[in-house]
Structures are given as C-alpha cells and as structure tokens.
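Fold and geometry: a report
In case you want the letters, here they are:
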Amino acid sequence: VHTREGLHPQQRSAATMSGMSMVELVQAVAPFTAAWHVLYWTVHIVSGGIVAGYKNMEYGFKDKKPNQKGYTQNYWCSTIVSIVHSLTMAALCVPFVMKEPNWIWEANIEDTRDELALANKVFLAYICNDLLFVLPWAIKLGKLDDVAFVAHHLSIIAVWVSFITQGWGDMFSLPTLITELTGMFIGARFVMIKVGLGSSTLFMVNGVVMLTSWWYLRIWGYVVRLAIILYKETDSIYLNPVNDTFVRNVLVSLCWVLGSGLQLMWGYTITMGAYGVVFPKKGKTEKSKE
C-alpha cells in the first residue's frame, strides 16, 4: 500500500511514488487486452450461431441499412463485453470499497492502493480494446457519438498510463472504476430489447436499477463527490503540489470536468427517457392503444 497521508505536499517527493516503466506497463496490460479481444470475437462467433437475426442485424434485428449491419453487430458484441467488464470491476473494486468506505475522503492526489492496481490495469486494457472497435466506425460513419467516444477513450488511456507509470491518482481512478458498475444494467437494456424482452417486467426493473445506479455512482460518486474532494484538496493539488505536478494535476482535473459533462448529459437523456415511460405524452399513449 502506498499512501502519504498526513504529509505536507512538499514532503511527498516523486521518489516515493510507486510506478512502472512503459515497457512494464505494456507487458502488464497486453494479456488483459488480448483477453478482452478474444472475448469480443467469441461473442461474435457464438451469437452468429445462437442469436436469431444476428447475422442480418440492424436495430430491432431488421436489416434496414445493410451497410451498417456490421455497426450494430459491433455494438452487440461490445455491449456483451462491457457487461463482463462491469462485473469484473465490481469483483475487483467493491470489496475494497466495502472494507474502506471512507478512504476516498481521506486520500490525497498522490495516493495509490495495491488493492486497486489490478483493476486499473484491467480497465486500461478494456478501454484499449474497445477503442479498436469504435475507431473504425467513427472514421467510416463520422457519427458524433462515436467521435466523442474516441476522444473519451483516448483521454482515459493517456490519464491511466500516467496513473500507473507514475504511481498516483487513485483518488480519481476509484470513482471512475466504480462508475463502470452501471454498464451491466445499460448493456442488459440493449440486450433485452434485441431478444424481445423490451416490454417485460424484468426490463422495467432493470431500467429502475440503471437509473438509480447512474445517479448514485456517476452523478453523486463521480461528479459531486469528486468536486467536493477537489475543493477540499485545493492546496495539495493546485496551490502547493508535489514537485512540478501542477500542470499534470490541472490536465487531469480538466478531464474530470469533461467526464462530468458527459455524465450529466447522458444522465439527463436516461432520466428524460424514464420520465417519458412513466409519464407518456397523450398522443403516444393513444397511438399505442390503437
């Protein structure tokens, strides 16, 4: 465990930070990236054999846009992988959070925890693999969501490489890793729609859990809680940072600002979608009864 709690910022020298070289990082992350890659193609092959409509997939399993069939197949496979990733993050991070629920409030920006080292590497590997499948379609179709997703992934990769190689930042990484737990519910929603369970009770229950977890883990845990912590740690992060880390700290803080904007934007979309289900417009309600 590497913490420097109780020390003045200037006493936390770079020499005391844990970390690894870029070569060591690649060696550590590559096997996990390969594992995510194999899982993606396994999902693709298995789905082609057992999921009705997969080979001609478009939204709703209808091949309305043949040139985008691969786009939706990619979305399907990536969604299944994201569900597995979400469960993995839960297994790696929840025990630590349960054991030390107040650590995030006590940590400083230079702190790292050995218990989170594996989760950080697995997460970085997942993002690298996901980028491989998002980038080609972002280039081909130029959809704003995909382009934003590429930028999102590239910024995460840059930040996590810094976290791991320089040995710092678990104050930022833990709330981010925990947000990934919402992925299982978001992914389950897409899968249930595709297999014809979009009107089931299970679908509605999943929607409630998805919305609740988004607000708790992403809006509170990532946006609001980190805002409070950053304010509390203003001195050690911005006013008196460890040797020459001011620029680094500011850049990561900007990434957090951008990430917070995305959480709020997506949260608004999810919330309004749920509102529309509970309080449908009169015209839509009448049309659905016809």
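These lines cover the structure that appears in this document, whether it is placed above or below. (Residues numbered from 1 in each chain as written. Predicted model: local features only at pLDDT ≥ 70, side-chain atom pairs only at ≥ 80, totals over all residues. Heavy atoms only, no water.)

1. Structural notes on helix α4 (residues 117-141)
With 25 residues, α4 should cover 36 Å at 1.5 Å per step; its first-to-last C-alpha distance of 36 Å lies within 8% of that length. The largest bend along α4 measures about 30 degrees and falls at Leu 132, with the proline Pro 136 one to four residues further on. Positive backbone phi, approximately 65 degrees, marks Gly 142, located one or two places after α4. (Helix = DSSP H or I, 4+ residues; strand = E, 2+ residues; numbered from the N terminus. Expected span 1.5 Å × (residues − 1). Bend = angle between axes of the 7 residues up to and from the residue.)

2. What about the pattern of salt bridges?
Using the criterion set out here, one finds four salt bridges in the structure. Ionic pairing is found between Lys 232 and Glu 233, a salt bridge with its closest N-O pair at 3.4 Å. Since its relative accessible area comes to 43%, Lys 232 is described here as partly exposed. Look at Glu 233 and you get buried, because its relative accessible area is 13%. What emerges from the salt-bridge pattern is a single network uniting Glu 100, Arg 113 and Glu 115. (Salt bridge = Lys/Arg side-chain N within 4 Å of Asp/Glu carboxyl O. Buried < 20%, exposed > 50% of the residue type's maximum accessible area, 1.4 Å probe, protein only.)

3. Topic: the nonpolar core
For soluble globular proteins, nonpolar side chains are generally found buried alongside one another. Core analysis: the largest hydrophobic core is formed by 59 residues, its most contacted members being Trp 76, Leu 124, Trp 160, Met 171 and Phe 172. Considering every element that reaches this core, the biggest residue donor is α4, with 11 residues. With sequence-adjacent residues up to four places away left out, Phe 172 is seen in contact with Ile 109, Phe 163, Leu 226, Leu 230, Val 252, Ser 253 and Trp 256. (Core = buried A, V, L, I, M, F, W, Y, C linked by side-chain atoms within 4.5 Å. Contact = heavy atoms within 4.5 Å.)

Treat this as a map of the structure, not an account of what it does.
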